[in-house]
Amino acid sequence: MAREFTAQMSVFKGRWRLYIVLLDGVTCPWPEYSFDRAAPVPTLLERVDALSVLGFEPVPGAEWRWTEDFEGPDDPASAVMLIAAVQVRSWTGASA
């Protein structure tokens, strides 16, 4: 059975980026894909294609969940950051 991971997508330095969250003591950089734009938000198909480039796919039945955070955690008047997340699995057999 393939291990499951969380893929997240957010805007960083003016561009949407998608990355795979690796926790288990992994010290190498997380797999990441940049969409090279801030607007429009990447489509579902673009996100699935980006995951594929990274060697991952959404877990069957998984849905993207959106949440918001503040750029300044202690300042509710600061700009809102949107973060999307979905459960994924490696289809390349990588242990990531």
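For the structure itself, consult the block above.
Worth saying up front: this structure is predicted, and the values here are computed from it rather than measured.

J.: Quick question: what am I supposed to make of the pairing of strand S6 (residues 80-90) here?
T.: Every regular strand shows the same layout, with side chains that alternate between the two sheet faces. When strand S1 (residues 4-12) meets S6, the two strands line up antiparallel, connected through seven bridges. Bridge pairing in S6 places phenylalanine 5 opposite valine 88. The sheet contact formed by strand S5 (residues 65-70) and S6 spans six bridges and is antiparallel. Residue phenylalanine 70 lies in a different strand from S6, and its bridge partner there is valine 80.

J.: How should the nonpolar core be read in this particular structure?
T.: Nonpolar side chains tend toward joint burial in soluble globular proteins. In terms of nonpolar packing, the biggest core is built from 16 residues, with Met9, Leu18, Ile20, Leu51, Phe56, Trp64 and Val88 touching the most fellow members. Broken down by secondary-structure element, the contributors of at least two residues to this core are S1, strand S2 (15-21), helix H1 (44-53) and S6.

J.: Can you walk me through H1 in this structure?
T.: For an α-helix the count is 3.6 residues per turn, leaving residues at separations of three or four pointing the same way. All of the buried residues in H1 are Arg47, Ala50 and Leu51. For H1, the buried positions fall inside an angular range of 100° around the axis, keeping them on one side. Turned more than 90 degrees away from the buried face of H1 sit Leu45 and Val53, all of them exposed. Against S1, S2, strand S3 (32-34), strand S4 (56-58), S5 and S6 lie the buried residues of H1. In the stretch just after H1, glycine 55 is the one whose phi turns positive, near 90°.

Basis of the calculations
Residues numbered from 1 in each chain as written. Predicted model: local features only at pLDDT ≥ 70, side-chain atom pairs only at ≥ 80, totals over all residues. Heavy atoms only, no water. Pairing = 2+ DSSP bridges. Helix = DSSP H or I, 4+ residues; strand = E, 2+ residues; numbered from the N terminus. Core = buried A, V, L, I, M, F, W, Y, C linked by side-chain atoms within 4.5 Å. Buried < 20%, exposed > 50% of the residue type's maximum accessible area, 1.4 Å probe, protein only. Arc of directions from axis to C-beta. Contact = heavy atoms within 4.5 Å.

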